[in-house]
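# Notes for the structure review
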Amino acid sequence: MAEREEVGPADRAWAADQALTDLYAAHWHSLVRLSWLLVRDQQLAEETVQDAFVAMHSRWSQLRNQDLALAYLRRCVVNTSRSVLRHRKVENRYLSAETSARTSQGITNEPSAESRALEHATGARLLAALGRLPRREREVLTLRYYLDLSEAQIADALSISPGSVKTHAHRGLIALRSEVEGTP
Amino acid sequence: MTNDDLERRLREALHREAEQIKPHERRTEILAMAHNEKQDVEPPRRWLIPVAAAASVVLIGAVVWGVSNSGGGQQGTPAVTQATTSATAPSTAAVPVPVPSLASTATSNGSAAGATTQVTLPAYFVGATSATGDQYGLYREFVRTSVPVGATPAQKAKAAVAVAMNAQPFTNYEPYVQPWSATSVKNVTVTPSLITITLSGPGASGFTAAQTKLAVQELVWTAQAAIGQGTVPVKFVVANGSPTLFGTYPTAQTYNRPAPDLQYQVLAPIWITSPVRNQVFPGGATVVAAGQSCAFEGTTQWELKKGGTTVRSGVATASGGCPTRGTWQVKLGVLPAGSYTFRMYEVSMKDGQVIAETSKPFSVS
């Protein structure tokens with residue numbers, strides 16, 4: 001129960017807050033949307049990313065670098081989103097969801113029926129097909145084509161090798177192509 | 001379709017899809033929680049520090065800059081700090097920190113059977129939304145409490161509901177009422193489709209219908225928030241077999257949060273989420289007040305008091321007007337050292353009366 005030696009705790013807290021504020025400004029929206037693409041529930045997505053930011057803040061003294069912190073945030077978001085999915089078994093929801101069906105609160109701008117019907121028909125089929133892919137392939141493709149991450153960054157976020165990223169991406173794209181081209 | 005074409009279409013589809021959701025503002029909540037989480041690594045005895053008497057003493061959940069142990073370092077501020085002045089509800093009573101005893105706190109290796117750990121959970125309380133005390137709404141507090149190590153969502157929910165039902169520790173400085181006085185939570189169970197809360201009794205008597213309706217809602221919101229699985233319906237069971245809560249709300253039915261466009265009926269019109277109560281900003285820090293409101297045209301007024309004197313005032317415009325619950329932010333800049341109170345209020349367009357208000361004390365070191 002000894003007193004802990006605190007060296008500049010106010011400064012350290014300030015630095016962590018600044019990092020959190022900067023990363024929040026730059027990445028809150030995209031990370032929530034990434035999580036939402038994986039779990040399809042806005043409230044869960046926001047809480048997942050919120051927890052990731054809180055965890056990042058507590059580890060700031062080890063991270064001390066915004067790039068490392070962002071990579072840490074991505075890992076947290078992907079891992080938590082995955083465990084949420086596992087817990088809720090919401091893959092079924094994803095599979096059954098039409099591309100615009102919302103499970104969450106606060107959705108205010110449903111796309112119009114006509115835009116769904118025609119303009120985005122291919123995109124809708126692609127997203128539906130994406131939802132049917134094995135989890136890892138879905139994660140790899142989402143990180144690559146939503147966040148535009150490199151293979152190395154995806155490997156870090158998913159804790160797999162770059163070679164596996166390449167394999168999953170390749171298989172996923174082949175599956176998507178066959179689904180889309182095979183669908184009238 | 002070429003590979004490039006497929007990739008382009010997938011990229012566009014994902015972006016189009018993702019951009020249809022509008023993430024809510026949570027920065028201040030994250031900062032508040034981050035500071036509370038950080039205290040987890042501190043020696044547990046800090047939670048035994050008695051809160052000194054006086055006006056609006058600090059509480060759990062207060063964000064503290066530069067935490068150190070009491071009486072310790074030269075630049076830290078104790079987690080439980082000195083009293084500061086407040087515009088509301090002074091008290092001379094000693095207030096125990098409403099965190100459970102440490103009798104079963106985790107041992108140093110953190111893995112002992114029956115060990116507990118401190119977590120921060122959101123809890124909702126029923127409080128008056130203006131000085132006249134005739135309107136009520138839910139306020140949210142981030143509260144530290146103990147849960148078993150590796151707690152299940154149900155255990156977290158039980159802990160959070162227990163905190164929400166005990167408004168007494170807050171009543172010296174917030175206009176909260178205690179409709180669950182003498183009632184306790186016996187159990188919480190969770191399935192993907194139902195949260196079941198077992199209570200020792202049906203709730204206290206002597207409260208208005210508006211207050212008891214909110215009392216039910218506060219448990220719904222608190223349990224759902226602790227579990228974090230969305231708006232799962234909540235069912236109540238009263239251990240003594242009562243078929244209703246407060247003699248009014250049947251236990252045979254389930255309860256849920258209102259739809260987003262009706263949540264203004266439940267939540268207090270104005271929340272200040274930053275600063276948190278008795279937050280201590282280091283000298284030279286930029287102070288930004290932020291919160292949520294559901295006000296006509298999203299417009300509220302604010303004032304910054306130092307001592308009893310209003311030193312600044314202004315108008316804030318939220319991101320949306322009622323019934324949309326918007327977020328607002330007021331940049332106060334760098335402030336001289338001292339104790340302050342930030343008050344946000346809404347004035348009726350009809351008669352100029354203050355129809356909603358809340359305030360938070362903070363200080364700059």
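Residues numbered from 1 in each chain as written. Chains lettered and ligands numbered in written order. Predicted model: local features only at pLDDT ≥ 70, side-chain atom pairs only at ≥ 80, totals over all residues.

Right, let's get into the overall build of chain B. Looking only at helices and strands, one finds four helices and 18 strands in chain B. Evaluated residue by residue, chain B yields a buried proportion of 45% over its 365 residues. Taking the intrachain contacts of chain B between residues at least 6 apart in sequence as the baseline, contacts between residues at least 24 apart amount to 68%. (Helix = DSSP H or I, 4+ residues; strand = E, 2+ residues; numbered from the N terminus. Buried ≥ 20, exposed ≤ 12 C-beta atoms within 10 Å, placed from the backbone. Contact = placed C-beta atoms within 7 Å.)

Turning our eyes to something else, we now look at the overall build of chain A. Helix and strand counts for chain A stand at 10 helices and zero strands. When the 184 residues of chain A are sorted by exposure, 42% land in the buried category. The contacts of chain A with a sequence gap of at least 6 include a subset with a gap of at least 24, amounting to 68%.

This paragraph deals with the packing of helix 8 (residues 135-145) of chain A against helix 9 (residues 151-158) of chain A. When two helices pack together, their arrangement is captured by the angle between the axes and the distance separating the axes. All names here are of chain A. Where helix 8 meets helix 9, the closest approach of the two axes is 10 Å, and the angle between their N-to-C directions is 130°. Comparing the axis directions of helix 8 and helix 9 gives the class oblique. With respect to the hand of their crossing, helix 8 and helix 9 are arranged in right-handed fashion. Counting all contacts with helix 8, which are made through Glu-139, Val-140, Leu-143 and Arg-144, the residues of helix 9 involved are Ile-154, Ala-157 and Leu-158. The residue inventory of the contact of helix 8 with helix 9, partitioned by class, reads five nonpolar, no polar and two charged. (Axes fitted to C-alpha atoms, helices over the stretch in contact; angles between N-to-C directions. Parallel < 35°, antiparallel > 145°, perpendicular 65-115°, else oblique. Left-handed = near helix turned anticlockwise from the far one by under 90°. Nonpolar A, V, L, I, M, F, W, Y, C, P; charged D, E, K, R; others polar.)

Attention now goes to the environment of Gln-224 of chain B. All names here are of chain B. Mapped onto the fold, Gln-224 is located in helix 4 (residues 209-227). By C-beta crowding, Gln-224 is classed as buried, having 23 other C-beta atoms within 10 Å. Residues Gln-224 and Pro-122, 102 residues apart in the sequence, show an inter-C-alpha distance of 9.9 Å. With near-sequence residues (within four places) excluded, Gln-224 lies in contact with Ile-195, Thr-231, Val-232 and Arg-257.

Moving on, we get to the nonpolar core. Ranked by size, the top nonpolar core spans 127 residues in total, and within it Leu-73 of chain A together with Phe-125, Ala-160, Val-161, Ile-197 and Ala-223 of chain B carry the most contacts. The element that contributes the greatest number of residues to this core is helix 1 (residues 9-39) of chain A, accounting for 12 residues. Excluding its chain neighbours within four sequence positions, the residues that come into contact with Phe-125 of chain B are Leu-138, Tyr-139, Glu-141, Ala-164, Ala-167, Phe-170, Tyr-176 and Glu-218 of chain B. (Core = buried A, V, L, I, M, F, W, Y, C linked by C-beta atoms within 7 Å.)

With 13 residues, helix 3 (residues 153-165) of chain B should reach 18 Å at 1.5 Å per residue; the first-to-last C-alpha distance of 18 Å fits that figure. Among all positions of helix 3 of chain B, only Lys-156, Ala-157, Lys-158, Ala-159, Ala-160, Val-161, Val-163, Ala-164 and Met-165 of chain B are buried. (Expected span 1.5 Å × (residues − 1).)

The next point concerns the pairing of strand 18 (residues 354-364) of chain B. All names here are of chain B. Most of strand 18 is tucked away: 10 of the 11 residues are buried. In this sheet, strand 18 lies alongside strand 12 (residues 279-281) in parallel orientation, the contact comprising three bridges. When the bridges of strand 18 are listed, Phe-281 appears paired with Val-364. For strand 17 (residues 338-347) and strand 18, the ladder comprises 10 bridges, and the chain directions are antiparallel. Paired with Phe-342 across the bridge in strand 18 is Lys-360. Hairpin connection between strand 17 and strand 18: a loop of six residues separates the two successive antiparallel strands, and Gly-352 in this loop has a positive phi of roughly 75°. (Pairing = 2+ DSSP bridges.)

On to the sheet that holds strand 14 (residues 299-306) of chain B. All names here are of chain B. Ordered in space as 12-18-17-14-15, the five strands form an open sheet in which the pairing is mixed. The strands lining the two open edges of the sheet, one partner per strand, are strand 12 and strand 15 (309-317). Strand-to-strand twist of the sheet, defined as the mean angle between neighbouring strand axes without regard to direction, takes the value 30°. By the bridge criterion, six bridges tie strand 14 to strand 17 in an arrangement that is antiparallel. Along strand 17, the bridge assignment pairs Gln-301 with Tyr-345.

Here we take up the packing of helix 3 of chain B against helix 4 of chain B. Residue and element names in this part refer to chain B. Packing of helix 3 against helix 4 leaves a shortest axis separation of 8 Å and a crossing angle of 145°. Considering only the axes of helix 3 and helix 4, their crossing is right-handed. Residues Pro-153, Lys-156, Ala-157, Ala-160, Val-161 and Ala-164 of helix 3 form the contact with helix 4, whose participating residues are Glu-218, Leu-219, Thr-222, Ala-223, Ala-226 and Ile-227. Split by residue class, the contact of helix 3 with helix 4 holds nine nonpolar, one polar and two charged.

With omega at 0°, the peptide bond leading from Ser-274 of chain B into Pro-275 of chain B counts as cis. Counting through the fold element by element, Pro-275 of chain B comes out in the loop between strand 11 (270-274) and strand 12. Note that the residue after Cys-322 of chain B, namely Pro-323 of chain B, is joined by a cis bond; omega there is 10°. Looking at the secondary structure, you find Pro-323 of chain B in the loop between strand 15 and strand 16 (326-334). A positive phi is found at Arg-64 of chain A, a non-glycine position, where the angle reads about 55°. Here Arg-64 of chain A is to be found in the loop between helix 3 (60-63) and helix 4 (66-88).

Right, let's get into the confidence of the model for chain B. Low-pLDDT portions of the prediction should not be read for the details of their coordinates. All names here are of chain B. Scored by pLDDT, chain B comes out at a mean of 77, with 79% of its residues at no less than 70. Within the model, the stretch residues 39-112 combines pLDDT values under 50 with 161 contacts to residues more than four positions away or in other chains. Both scores are given for the predicted complex: the pTM is 0.54, the ipTM 0.79. (pLDDT = per-residue confidence, 0-100.)

What follows deals with the environment of Leu-335 of chain B. Residues and elements named next belong to chain B. With respect to the element layout, Leu-335 can be found in the loop between strand 16 and strand 17. Residues Leu-335 and Ser-363, spaced 28 residues apart in sequence, show a C-alpha to C-alpha distance of 9.2 Å. For Leu-335, the residues in contact, after removing those within four places along its chain, are Val-287, Tyr-340 and Val-364.

With that out of the way, let us pick up the sheet that holds strand 16 of chain B. Residue and element names in this part refer to chain B. What the three strands build is an open sheet, ordered 11-13-16; its pairing is antiparallel. At either end of the open sheet lies a strand with only one pairing partner, and these are strand 11 and strand 16. Each adjacent strand pair in this sheet contributes to an overall mean axis angle of 25°, direction not counted. Sheet analysis places strand 13 (residues 286-293) next to strand 16, joined by eight bridges and oriented antiparallel. The residue of strand 16 that forms the bridge with Thr-286 is Val-334.

Before going further, it helps to spend a moment on helix 2 (residues 42-58) of chain A. Between its first and last C-alpha, helix 2 of chain A extends 24 Å over 17 residues, near the 24 Å set by a 1.5 Å rise per residue. Within helix 2 of chain A, 14 of the 17 residues are buried, leaving the element largely enclosed by the surrounding structure.

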